[in-house]
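The residues making up each chain are set out below.
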Amino acid sequence: MDTNAPVHPLGSKARILLTSVFGPYAVDDEYGSRRINPMELYHNQVTREQGPFSLRMFHRSFGLLLLKENIKAPCTMLDFPDQERFIREIADNDYDIVGISAIIPNIGKVERMCRLIREHLPGAAIVIGGHIANMSDLADRVEVDHICRGDGVSWFRRYLGFDRNAPVKHPHVMAGFGTRILGVSRADTPDDTAAILIPSVGCPMGCNFCSTSALFGGKGRFLNFYETGDELFSVMCDIEAGLKVSSFFVMDENFLLHRKRSIRLLELMKEHDKSWSLFVFSSAKVLRTYTMEQLIRLGISWVWMGLEGEDSSYAKLSGVDTRKLVEELQSHGIRVLGSTIIGLENHTPENIHEIMDYAVSHDTVFHQFMLYTPIPGTELYAQHLASGTLLSEEEMPYADSHGQYRFNYRHEHITQGREGEYLQQAFRKDLEINGPSLARMIRTMLSGWKRYRNHPDPCIRKRFVREIRSLKTTYAAAVWAMRKWYRQDNRMYRKIGLILRDIYREFGWKTRIVAPLLGIYAYVSMHRENRRLDAGWTYEPAVFYEKNALALALEKNQYAVSSQKATMPQGLFVPRTTGN
Ligand code: B12
Ligand code: SF4
C-alpha cells in the first residue's frame with residue numbers, strides 16, 4: 001500500500017465511484033449491521049426509547065458529497081446501497097478508483113466491499129477514508145491501495161493532480177430526509193428542512209475521547225474550509241438561492257469557537273437583512289462568550305452541547321453552570337440537545353443514578369446518552385491500550401463498539417455488562433420525567449415566540465414567525481394527541497396540557513378547532529406506529545445514485561443516449577419489518 005502522497009496516472013480522466021458502506025443497517029447481520037445501530041441520528045442515540053414519539057430521520061453521507069463536489073473527474077456516488085446494488089454497480093461499470101467512506105463499527109462491510117471490488121474491478125485503486133482511517137491496522141485487515149487520514153478534499157485533489165488550495169465548493173444538500181414522527185411522514189420541503197453547511201472539520205479542544213478531533217489532528221488542530229465570515233456568508237447565500245432554504249444545519253464540531261468568523265457572519269447577516277436559522281454544535285464555555293442578543297440575531301435556534309457529566313474535568317465545561325445555561329437558552333427559544341456520557345472514570349453502580357438524575361434535571365429538548373468509549377486514534381484509547389484494559393476483538397467486536405451497547409474495555413467500577421442497562425434507564429428516565437422530546441421542543445419554540453414576537457428588529461421577528469408556523473396547526477395537533485396519549489398519567493397529562501393551553505392562548509380559535517381535528521389523526525397514527533414498533537419494524541434510508549456533470553457527459557458519449565440524472569427519489573425511507 002502506498003501511503004506517501006500517491007498520484008493516480010489518469011488524473012482528471014480517472015472514473016471514480018464514491019460509496020458509503022452497504023445496508024441494510026438496522027438488522028443483526030454477519031457484516032456488522034446491528035438492529036440497535038440504525039442509520040438514524042435521533043433514533044440511534046437520542047430518542048431511541050421514545051417509541052412513537054421518537055424522531056426518525058436520515059442524513060446523507062456528507063463527507064462523500066463534499067468530495068464529489070470538488071472532484072474534477074467523472075464521479076458517481078452511491079449512498080446507502082444494499083450489497084446487491086453495490087455489486088451490480090461494480091460489475092456493470094468500469095471504474096478506475098473506488099472510494100469508500102466508513103466508520104470503525106463498519107469494518108466488516110469494508111472488508112467485504114474491498115474483496116468484491118478486487119473480484120469485479122481488479123484494476124481499480126481502492127481508497128478508504130472517514131473515521132475508519134483511525135484504525136492503526138486497517139491496511140492489514142483490508143485489501144486497499146490508499147488510506148486517507150483526515151481531509152479527503154485535499155487528498156483527492158493531490159491524488160488527481162489538481163490544485164490543493166483551490167476554494168472548496170460546497171454541495172447543495174438538505175440536511176435530513178425521510179423525516180417521520182408520531183408515525184406520520186413529513187414532506188422534506190425547504191420550508192421545514194435545513195440545508196447542510198460544513199464550515200470546518202475537527203475541533204481544537206481535543207477532549208480525550210473525541211475521535212472527530214483526533215481524525216483532524218487533535219488538540220489545537222482543525223481545518224477550515226471557509227476561513228472568514230465573508231466566505232461563509234457567500235456560500236450560505238448561494239445555498240439559500242439554490243435550495244430556497246432559510247435554515248442551515250451547521251456540521252462543524254464547535255462552530256461558535258471560530259469567533260471572528262461568526263461575528264463577521266453576524267455583521268453580514270445584519271447588513272443584508274438575513275433572518276436565517278442555524279442549528280449548531282457548540283461547547284458550553286464557548287456559548288457563554290456570546291451575548292444572548294448575538295446568538296438570537298445570528299439565528300441560533302438549536303444547539304448540540306456536551307454536558308458530559310457532573311464534575312467532569314473537561315475544559316469546555318469549566319466554570320459553567322450547564323443547568324442554568326440550558327434554562328436560559330431554552331427560555332429564548334433555543335432548543336438544546338444535551339449530551340451525557342455514561343461510564344466516566346468516576347461512575348459507579350452506587351452513583352450512576354445520581355448521574356442520570358443530574359443529566360435529566362437539565363430538561364433539555366433532546367438528550368443523547370453515550371457510553372464512554374475509547375476509539376482508536378484518541379488519547380483515551382492510547383491510555384487503555386497502555387494499561388491493558390481494552391477487550392479483545394473476540395470479546396467485543398468492533399461492530400458492537402458503537403456506544404449504545406457495551407464498553408469495549410474493562411471499566412474499573414461498572415462490570416458484568418450493566419452499562420447497557422444504565423443507558424436504557426437514562427433514556428427512559430429522561431422520557432418519564434421530561435416527557436416526549438417533541439412536546440419539549442414545541443414548548444421551547446413557544447417560549448421563543450412569546451419573547452420575540454414583538455421584537456423591534458424585523459429580521460428577528462421574521463425568523464420566529466417562520467419557526468412557529470407549524471405551532472398553529474400540526475404541532476398544536478401533535479400536542480393534543482400527546483396529551484390524549486397520556487390521559488392515564490396525571491402528571492404528564494397536565495404538563496402537556498399546559499403547553500396546549502399556551503398554544504390556544506397564543507393562536508386563538510382557529511387553532512382550537514384545528515388541533516383536535518388533526519390531533520385525532522395523529523393519535524390514531526401514534527397507536528399504529530406503536531404496534532408496528534412492537535412488531536419489530538425498523539427503517540432504512542433510500543438509495544441515492546448521483547453522477548457529476550463529467551460522469552454524465554462520459555455516459556452520454558459512451559452510450560450515445562441522452563443522459564439521465566439517476567437520483568433516487570429524495571426523502572423516501574424504506575420500512576422494513578424484522579420482528580415477525
Ligand atoms: C452525520 C453523522 C452520522 C450520520 C451518518 C450519515 C451517513 N450517511 O453516514 C448518522 C447520524 C446516521 C450517524 C450514525 C452513526 N455514527 Co456518526 N457521525 C456523524 C457526524 C456527526 C458527522 C459526520 C460528517 O458528516 N462530518 C462532516 C464531513 C465533511 O466530515 P467526514 O465525514 O469526516 O469526511 C471528511 C474526512 O473524513 C474524509 N473522508 C470521509 N470519507 C471519505 C472517503 C474517502 C474515499 C476519502 C478519500 C476521504 C473521506 O474527507 C471528508 C472531508 O474532509 C460524525 C461526527 C463528526 N463531526 O464528524 C459522527 C461520527 C462519524 N459517527 C460516529 C458513530 C460512532 C456513529 C454510530 C455508530 C452511532 C453512534 N453510536 O454514534 C452510527 C453508525 C450508523 C451505522 N449503522 O453505520 C463516530 C465515528 C467513530 C469512529 N471513529 O468510527 C463519529 C465520529 C461521532 C463520534 N465522535 O463518536 N452518524
Ligand atoms: S469540544 Fe466536543 S468536538 Fe471538541 S474535542 Fe471536545 S468533544 Fe470533541
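Every value quoted in this text rests on a predicted model; they were computed, and no experiment measured them. (Residues numbered from 1 in each chain as written. Chains lettered and ligands numbered in written order. Predicted model: local features only at pLDDT ≥ 70, side-chain atom pairs only at ≥ 80, totals over all residues.)

1. Some thoughts on the overall build of the protein chain
- Within the protein chain one finds 20 helices and 19 strands.
- Here the protein chain holds 580 residues, and 49% of them are scored as buried.
- Looking at the protein chain alone, contacts between residues at least 24 apart form 74% of all its contacts between residues at least 6 apart. (Helix = DSSP H or I, 4+ residues; strand = E, 2+ residues; numbered from the N terminus. Buried ≥ 20, exposed ≤ 12 C-beta atoms within 10 Å, placed from the backbone. Contact = placed C-beta atoms within 7 Å.)

2. Some words on the site of ligand 2
- Taken together, Cys203, Met205, Gly206, Cys207, Cys210, Thr212, Ser213, Glu253, Asn254, Ser283, Gly306 and Lys316 are the residues near ligand 2.
- Each residue belonging to the shell around ligand 2 can be placed in one class, and the counts come to four nonpolar, six polar and two charged. (Near = placed C-beta within 6 Å. Nonpolar A, V, L, I, M, F, W, Y, C, P; charged D, E, K, R; others polar.)

3. Topic: the pairing of strand β3 (residues 75-79)
- Burial analysis of β3 places five of its five residues in the buried class, which makes it a mostly covered element.
- For strand β1 (residues 16-20) and β3, the ladder comprises four bridges, and the chain directions are parallel. Looking across to β3, one finds that Thr19 is bridged to Leu78.
- Sheet analysis places β3 next to strand β18 (residues 544-547), joined by four bridges and oriented antiparallel. From the neighbouring strand, Asp79 faces β18, where its bridge partner is Phe544. (Pairing = 2+ DSSP bridges.)

4. Overview of the site of ligand 1
- Ligand 1 sits among 44 residues. The nearest are Gly63, Gly99, Ser101, Gly129 and Gly152.
- Contributions of two or more residues to the shell around ligand 1 are made by α1 (41-45), α2 (62-70), β4 (97-101), β5 (125-129), α6 (152-160) and α7 (211-215).

5. With respect to the packing of helix α16 (residues 437-452) against helix α18 (residues 474-485)
- Interhelical geometry of α16 versus α18 gives an angle of 135° and a closest axis separation of 10 Å. Put simply, α16 runs oblique to α18. Of the two possible hands of crossing, α16 and α18 adopt the one that is left-handed. Counted together, Leu438, Ala439 and Ile442 of α16 and Tyr475, Ala478, Val479 and Met482 of α18 form the full contact between these two elements.
- Here the contact of α16 with α18 is built from residues that sort into seven nonpolar, no polar and no charged. (Axes fitted to C-alpha atoms, helices over the stretch in contact; angles between N-to-C directions. Parallel < 35°, antiparallel > 145°, perpendicular 65-115°, else oblique. Left-handed = near helix turned anticlockwise from the far one by under 90°.)

6. Quick look at the domain arrangement of the protein chain
- Domain assignment breaks the protein chain into domain 1 (11-162 + 542-573), domain 2 (177-435) and domain 3 (450-534).
- Domain 1 and domain 2 are separated by 25 Å when their C-alpha centres are compared.
- With 35 residues of domain 1 at the interface, the matching set in domain 2 holds 37 residues.
- Listed by contribution, the elements that provide at least two residues to the side of domain 1 that touches domain 2 are α1, β2 (56-58), α2 and α4 (107-120).
- At three residues, β2 tops the list of elements feeding residues into the side of domain 1 that touches domain 2.
- When grouped by side-chain class, the residues that make up the side of domain 1 that touches domain 2 number 17 nonpolar, 13 polar and five charged. (Domains from an automatic or database assignment.)

7. Looking at the environment of Lys219
- Examined against the element boundaries, Lys219 turns out to sit in the loop between α7 and β11 (223-224).
- When the 14 C-beta atoms within 10 Å are taken as the criterion, Lys219 is described as partly exposed.
- Residues Lys219 and Val280, 61 residues apart in the sequence, show an inter-C-alpha distance of 21 Å.
- Once residues lying within four places of it in the same chain are set aside, the contact partners of Lys219 are Pro204 and Gly206.

8. Description of the sheet that holds strand β14 (residues 300-308)
- With respect to topology, six strands assemble into an open sheet ordered β9-β12-β13-β14-β15-β16, the strand pairing being parallel. Lying at the two open borders of the sheet, with one neighbouring strand each, are β9 (195-197) and β16 (366-371). If you compare each strand with its neighbour and ignore which way they point, the axes differ by 20° on average.
- Looking at chain direction, strand β12 (residues 247-250) and strand β13 (residues 277-281) are connected through three bridges and run parallel. Pairing of Phe248 across the sheet is with Leu278, part of β13.

9. Considering the pairing of β16
- The buried fraction of β16 is high, at six of six residues.
- Residues Phe366, Gln368 and Met370 point to one face of β16 and His367, Phe369 and Leu371 to the other, with burial holding for every one of them.
- Note: strand β15 (residues 335-342) against β16, six bridges, orientation parallel. Bridge assignment links Thr340 to a residue of β16, and that residue is Phe369.

10. Thoughts on unusual backbone geometry
- Omega for the bond connecting Gly23 with Pro24 falls within 30 degrees of zero, at 0°, which places this linkage in the cis form.
- Its place among the elements puts Pro24 in the loop between β1 and α1.
- Backbone geometry places Leu182, a non-glycine residue, at a positive phi of 55°.
- Mapped onto the elements of the fold, Leu182 is located in the loop between β7 (177-181) and β8 (184-185).
- Even without being glycine, Asp363 reaches a positive phi, approximately 50°.
- Secondary-structure assignment places Asp363 in the loop between α13 (352-360) and β16.
- Looking at Asp363, the number of C-beta atoms within 10 Å reads 19, which means it is partly exposed.

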